[in-house]
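Coordinates in review
Take a look at the letters that make up each chain.
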Amino acid sequence: MYPFFQIFWMNIYTFWLSLTLCFFLFLWMLKKLCHRFGINETFFLNRLIWYFLSVFFFSRLFYIISQWNDFKFITNPIEFFIMSDYNFSLVWAIFWFLVMLFTTLKIYNLKSWKYIDASVLAFLFVAIFAYIGAFLWGQVYGKDTTFWIEILYTNPFSPVPYDVPVFPLALFYSLFSVILFSLFYILALFVKIRWIIWYLAILVFSSLLIIMEVFSWKYDYFKTQIGINFTQLMAIFFIIFASISLYKIYKSPKNYETIE
């Protein structure tokens, strides 16, 4: 839609603008949630750069793997990460952030639920704006549908390779993120058993990914091989993990910390 716009003689790329905005919004919401859950915010601030760089690296790496049909012809390794497409694997960014967070919490023997709940809620908040940025740039777009809500990408620099109106998938993701963040933010006020918030959030958000990716017109290596894309494949993994965890809570609620 708008991969970049000009201010005077400068090109302002909506990808980098939205990424910067989301970074600071994530910090702002995370700081707010730290106060709410009784977390020392310096835990995140002291490790912020390492979290960001590792998530950035691995989300890009697994995007490359998912698009291996295109990237396998690259001979210069630098071209893997000197990007012209600005695409990343969202589900792998989530997965690797959680791995980094769990590892750090385990090392310092901290109560995990507070940090996980706060991180997942902050992610749902920032996803609202991230998907709007993905809509403007064209990283997330739908297929040709007949719902009468399709949008035509007319900018000649848009990465969307189609000349027909397409389903505004990113805007629907943004709308659902608003709903999910509001729902789980309120739910966190009433749920006494911790861990439930982030298990439910991961379960619902992953289910959303499986359903909405049906409307995506983007294909990757996994889509051509097994009929579902990498996002849906990882979403299935998250659903299985969250479902098993919720079942364990249901069977033995006394084994989990509660808030009086």
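Scroll up a little and you will see the structure.
In this text the structure is predicted, and so the values were computed from the model without any measurement. (Residues numbered from 1 in each chain as written. Predicted model: local features only at pLDDT ≥ 70, side-chain atom pairs only at ≥ 80, totals over all residues. Heavy atoms only, no water.)

**As for the nonpolar core**
- If you look at the biggest cluster of nonpolar residues, it comprises 75 residues, and the most contacted ones within it are Phe 37, Phe 44, Leu 101, Tyr 173, Trp 198 and Phe 205.
- For this core, the leading source of residues is helix 6 (residues 112–137), giving 15 residues.
- Excluding anything up to four places from it in sequence, Trp 198 contacts Leu 98, Phe 102, Ile 116, Asp 117, Val 120 and Phe 241. (Core = buried A, V, L, I, M, F, W, Y, C linked by side-chain atoms within 4.5 Å. Buried < 20%, exposed > 50% of the residue type's maximum accessible area, 1.4 Å probe, protein only. Helix = DSSP H or I, 4+ residues; strand = E, 2+ residues; numbered from the N terminus. Contact = heavy atoms within 4.5 Å.)

**Concerning unusual backbone geometry**
- Non-glycine residue Asn 109 carries a positive phi angle of around 55°.
- Relative to the elements of secondary structure, Asn 109 occurs in the loop between helix 5 (90–108) and helix 6.
- Phi at Trp 148 takes a positive value of approximately 70°, unusual for a residue other than glycine.
- Here Trp 148 shows up in the loop between helix 6 and helix 7 (169–187).
- The class of Trp 148 is exposed, set by a relative accessible area of 83%.

**Some remarks on the environment of Phe 129**
- Looking at the element boundaries, Phe 129 is found in helix 6.
- Separated by 46 residues in the primary sequence, Phe 129 and Leu 175 place their C-alpha atoms 9.8 Å from one another.
- Residues in contact with Phe 129, not counting those within four places in the same chain, are Cys 22 and Leu 25.

**What to know about helix 6**
- The end-to-end C-alpha distance of helix 6, which contains 26 residues, comes to 36 Å, matching closely the 38 Å that a straight helix rising 1.5 Å per residue would cover.
- Roughly 35° is the biggest bend found in helix 6, and it falls at Ala 127.
- Of all 26 residues in helix 6, 21 are buried, a share of seventy percent or more.
- Phi turns positive, to about 105°, at Gly 138, one or two residues after helix 6. (Expected span 1.5 Å × (residues − 1). Bend = angle between axes of the 7 residues up to and from the residue.)

**Quick look at the packing of helix 6 against helix 8 (residues 196–212)**
- At their nearest, the axes of helix 6 and helix 8 sit 8 Å apart, and the two run at 30° to each other. By the angle class used here, helix 6 and helix 8 are roughly parallel. For the element pair helix 6 and helix 8, the recorded crossing hand is left-handed. Along the contact surface, helix 6 presents Ile 116, Asp 117, Val 120, Leu 121, Phe 123, Leu 124 and Tyr 131, while helix 8 presents Ile 197, Trp 198, Ala 201, Phe 205 and Leu 209. (Axes fitted to C-alpha atoms, helices over the stretch in contact; angles between N-to-C directions. Parallel < 35°, antiparallel > 145°, perpendicular 65-115°, else oblique. Left-handed = near helix turned anticlockwise from the far one by under 90°.)

**What about helix 10 (residues 230–251)?**
- The end-to-end C-alpha separation of helix 10 is 32 Å, in line with the 32 Å expected for 22 residues at 1.5 Å each.
- Every buried residue belonging to helix 10 is among Phe 230, Thr 231, Gln 232, Met 234, Ala 235, Phe 238, Ile 239, Ala 242, Ser 245, Leu 246 and Ile 249, and all of these are buried. Down the axis of helix 10, the buried set is contained in an arc of 165°. They therefore lie on one face. The exposed set on the far side of helix 10, more than 90 degrees from its buried face, consists of Tyr 247 and Lys 251.
- Buried residues belonging to helix 10 abut helix 3 (48–66), helix 5, helix 8 and helix 9 (221–226).
- Where helix 10 begins, one side-chain oxygen reaches toward the backbone nitrogen of Thr 231, 3.2 Å away; that side chain belongs to Asn 229. (Arc of directions from axis to C-beta. Polar contact = N/O pair within 3.5 Å; in protein donor to acceptor, adjacent residues only side chain to side chain.)

**Considerations on the packing of aromatic side chains**
- Per the counting criterion, the structure on display carries 26 aromatic pairs.
- With a centroid separation of 4.7 Å and an interplanar angle of 20°, the aromatic rings of Tyr 131 and Tyr 173 are classed as stacked. Taken as a pair, Tyr 131 in helix 6 and Tyr 173 in helix 7 lie far apart in primary sequence, 42 residues in all. Exposure class is identical for Tyr 131 and Tyr 173. Each is buried. (Phe/Tyr/Trp six-rings, centres within 6.5 Å; stacked < 30°, edge-to-face > 60°.)

**Concerning the environment of Phe 123**
- Structurally, Phe 123 can be placed in helix 6.
- C-alpha separation for the pair Phe 123 and Phe 181, spaced 58 residues apart in sequence, amounts to 8.7 Å.
- Apart from the residues lying within four places of it in its own chain, the contact partners of Phe 123 are Phe 26, Leu 90, Ile 94 and Phe 205.

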